[in-house]
Amino acid sequence: MSPQEKLRKIREELQQAFLERGDLIDGALAALLCSQHVLIIGPPGTAKSMLADEICRRITGAGYFQWLLTRFTTPEEVFGAVSLKALEEDDYRRVTAHKLPEAHIAFLDEIFKANSSILNAILTLINERLFHNGKSAVPVPLLTLFGASNELPEDDELMALYDRFLLRFVVGYIAEDFRFLRMLEADLSTERTTLTLEELRRMQTETRETAIPNHIYRNIADIRRELGKKGIVASDRRYRQCLPLLQAHAYLAGEKAVAEKDLFFLEHVLWRDPAEHTEVKAVLRELLLGYEEEVKELLYQSREIRDYALRPWETGELRAQALIEVHTKLRNILGRVDQILEKATQLGRPSQRIGAVKEEIREIQQQMLEKF
């Protein structure tokens, strides 16, 4: 298998093992492809650490670090003990072997409960990929950090760290009974497709080459404007970071370019409070499916009108009146489709679907004209 085929196989295996976690799995894999970080909010026992651990096991040669943070956690536990030999040379340097600064993938549970000295170091590490160790700032190999918490941060000093997680997911226990029973009955799978770290690096390069059509930029601007009207504001940095995430999401699906369907994944990026999630999702649906849903509805109306005209009529006069009425309605519908098509073209939105619907409605109109 090619590395991309392996990645899709890993995705399938994870979806079989972690039920009702499809978006989270896609987010985790996309985050690896674009080197972003993931925050998972939810109660204990929702497989947060298990998922991060399982993903790391799929990448041979990658270092993994996992730790539960509390207000009593010391920097030595996360970053390594101070080197006594370095102290003899007046250099306050840590021995970072098997600790966070040497990990490719990390999972920090209850990340917002650590003290400020640890949080400040983590912030620099995940934002700049640097660890200040002694007299020097050392580059770290970190690809993705998974943070988990039972609750959102409340202190202002934690908000900077919170904002560095591009992807945010709220998870709960399995909701559907049939999936819960499937989880209880499932055997632990021994099948585990793996990637080498080098293969992952190569896919990261290919991900950056995924094309972003011009209309995608316009769509993102539209999303930003509509969310702003509802008081949901994300930083310019967050919108800029959306671009490599969208490339990663498209690449994960085997696409060569970002499409409108990838924009739906921004529902996990653009909210700040979980209460905003539903609103963000609704705005995305309205903007991205608005034209498509409207032309679909117009197509359904046209089909209903056709069926109405083709029903048996008692007299030829009634049939003629019905056909005249149908012709008028279809002409008005086509006028509305033309308006939608013109607006979509002006905004740089894809119009193939609208054009296809217009052609079908024209065929219905022609069929009715022939009957008349």
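Scroll up for the structure.
First, a word on what this report is: a plain description of the structure on this page. If you're wondering where the values come from, they're calculated on a predicted model, not measured in any experiment.

Side note on empty space enclosed by the protein
- Enumeration over the complete set of coordinates arrives at two cavities of 30 Å³ or more.
- Counted as a void, the largest cavity has a volume near 60 Å³.
- Around the largest cavity, the lining residues are Leu7, Ile10, Leu29, Leu32, Ile55, Arg58, Ile59, Leu195 and Leu200.

Some remarks on the side chain of Gln204
- Within the secondary structure layout, Gln204 lies in helix 9 (residues 197–208).
- Reaching out from Gln204, the side chain makes a polar contact with the side chain of Ser35 at a distance of 3.2 Å.
- Aside from chain neighbours lying at most four places away, what touches Gln204 is Leu32, Leu33, Ser35 and Leu143.

Some remarks on the nonpolar core
- Ranked by internal contacts, the top residues of the largest apolar core, which has 89 residues, are Leu100, Ile111, Ile122, Leu145, Phe146, Leu266 and Leu270.
- Discounting residues that sit within four places of it in the chain, Leu100 has contacts with Phe65, Val78, Phe79, Ala106, Leu108, Ile122, Leu125 and Leu145.
- Among the nonpolar cores identified, the runner-up in size contains 20 residues, and Tyr291, Val295, Leu298 and Leu334 belong to it.

A closer look at the sheet that holds strand 1 (residues 38–41)
- Strand order in the open sheet made by the five strands is 3-4-7-1-8, with parallel pairing throughout. The open sheet is flanked by strand 3 (64–68) and strand 8 (167–170), the only strands paired with a single partner. Averaged over all pairs of adjacent strands, the angle between their axes in this sheet comes to 15°, without regard to strand direction.
- Alignment of strand 1 against strand 8, held across four bridges, turns out to be parallel. The residue bridging Leu39 from the neighbouring strand is Arg168, located in strand 8.
- Set on the sheet, helix 3 (residues 48–57) makes contact with strand 1, strand 3, strand 4 (105–109) and strand 7 (144–149); between it and strand 3 the angle comes to about 165°.

Overview of the environment of Glu267
- Secondary-structure assignment places Glu267 in the loop between helix 12 (260–263) and helix 13 (277–309).
- In the structure, Glu267 is positioned 17 residues away from Leu284 in sequence and 7.5 Å away in space, judged by C-alpha atoms.
- Sequence-distant contacts of Glu267, that is, excluding residues within four places in its chain, are made with Asp23, His277, Val280, Lys281 and Leu284.

Let's talk about the packing of helix 9 against helix 11 (residues 236–252)
- Contact pair helix 9 / helix 11: the axes reach a minimum separation of 9 Å and the direction vectors enclose 110°. Comparing their axes, helix 11 and helix 9 come out roughly perpendicular. In this structure, the crossing between helix 9 and helix 11 has a hand that is right-handed. Each of Met203, Glu206, Thr207 and Arg208 in helix 9 lies in contact with helix 11, whose residues at this interface are Pro244, Gln247, Ala248 and Tyr251.

Side note on the pattern of salt bridges
- Going through the model one piece at a time under the given rule, you end up with 26 salt bridges.
- Between Lys6 and Glu199 there is a salt bridge, and its shortest N-O distance comes to 3.1 Å. Placement of the pair is Lys6 in helix 1 (residues 3–17) and Glu199 in helix 9, with a sequence separation of 193 residues.
- For Lys6, a relative accessible area of 18% translates into the label buried.
- Residue classification places Glu199 among the buried residues on the basis of a relative accessible area of 12%.
- Put simply, Asp91 and Arg93 hold a salt bridge, and the shortest N to O gap is 2.5 Å.
- Here the residues in one salt-bridge network are Lys9, Glu13, Glu54, Arg58 and Arg192, joined through shared partners.

Points about the pairing of strand 7
- Burial of strand 7 is extensive: six of the six residues sit out of reach of the surface.
- Here strand 7 shows two buried faces, one formed by Thr144, Phe146 and Ala148 and the other by Leu145, Gly147 and Ser149.
- Pairing between strand 1 and strand 7: four bridges, direction parallel. Pairing of Val38 across the sheet is with Phe146, part of strand 7.
- The pairing of strand 4 with strand 7 spans five bridges and is parallel. For Asp109, the partnering residue across the bridge sits in strand 7 and is Ala148.

So, a nonpolar patch on the surface
- A grouping of Phe180, Leu181, Met183 and Leu184 is seen on the molecular surface, where their side chains present a nonpolar patch of about 370 Å² in accessible area.
- Here Leu181 lies in helix 8 (residues 177–185).
- Accessibility expressed as a relative area gives 44% for Leu181, which makes it partly exposed.

What counts and what doesn't
In every chain, residue numbers begin from 1 and rise along the written sequence. Where totals are concerned, whole chains, interfaces and linings use all residues; where local detail is concerned, this predicted model gives features only for residues with pLDDT of at least 70, and gives and counts side-chain atom pairs only at 80 or more. The side-chain figures draw on all heavy atoms in the structure; neither hydrogens nor water molecules are used. Using only the protein atoms, space was sampled on a 1 Å grid; points where a 1.4 Å probe fits but cannot get out form cavities, open sets with protein on both sides within 12 Å along at least five of seven lines form pockets, and lining residues are those with an atom within 4 Å of a point. Grid points are joined across faces, edges and corners, and a volume is the space filled by probe spheres set on the points. Numbering goes from the N terminus for both helices and strands, where a helix is a DSSP run of H or I of at least four residues and a strand is a run of E of at least two. Definition of a polar contact: a pair of N or O atoms within 3.5 Å, with one able to donate and the other able to accept a hydrogen when the atoms are protein atoms, and with sequence-neighbouring residues admitted only if both atoms are side-chain atoms. What makes two residues a contact is simply this: any of their non-hydrogen atoms within 4.5 Å. Nonpolar cores were defined as sets of buried Ala, Val, Leu, Ile, Met, Phe, Trp, Tyr and Cys residues, with membership established by side-chain atoms within 4.5 Å. The cut-offs for exposure are 20% and 50% of the maximum accessible area for each residue type, with area from a 1.4 Å probe on protein chains only; residues under the lower value are buried, those over the upper are exposed, and the others partly exposed. A strand pair is defined by DSSP finding two or more bridges across the two strands. For helices, the axis comes from a line fit to the C-alpha atoms of the stretch in contact; other axes are also lines fit to C-alpha atoms, and the angle between any two N-to-C directions lies between 0 and 180 degrees. An angle below 35 degrees is treated as roughly parallel, one above 145 as roughly antiparallel, one from 65 to 115 as roughly perpendicular, and anything else as oblique. By convention the crossing between two helices is left-handed if the near helix lies anticlockwise of the far one by an angle smaller than a right angle, and right-handed if it lies clockwise. Within this document, salt bridges are pairs made up of a side-chain nitrogen of Lys or Arg and a carboxyl oxygen of Asp or Glu, the two lying within 4 Å of each other. Every patch collects residues that have over 30% relative accessible area and no salt bridge, joining them within 9 Å if they carry like charges and within 5 Å if they are nonpolar side chains (Val, Leu, Ile, Met, Phe, Trp, Tyr). Methods summary: accessible areas were calculated by the Shrake-Rupley approach with a probe of 1.4 Å, and residue burial reflects only the protein chains presented.

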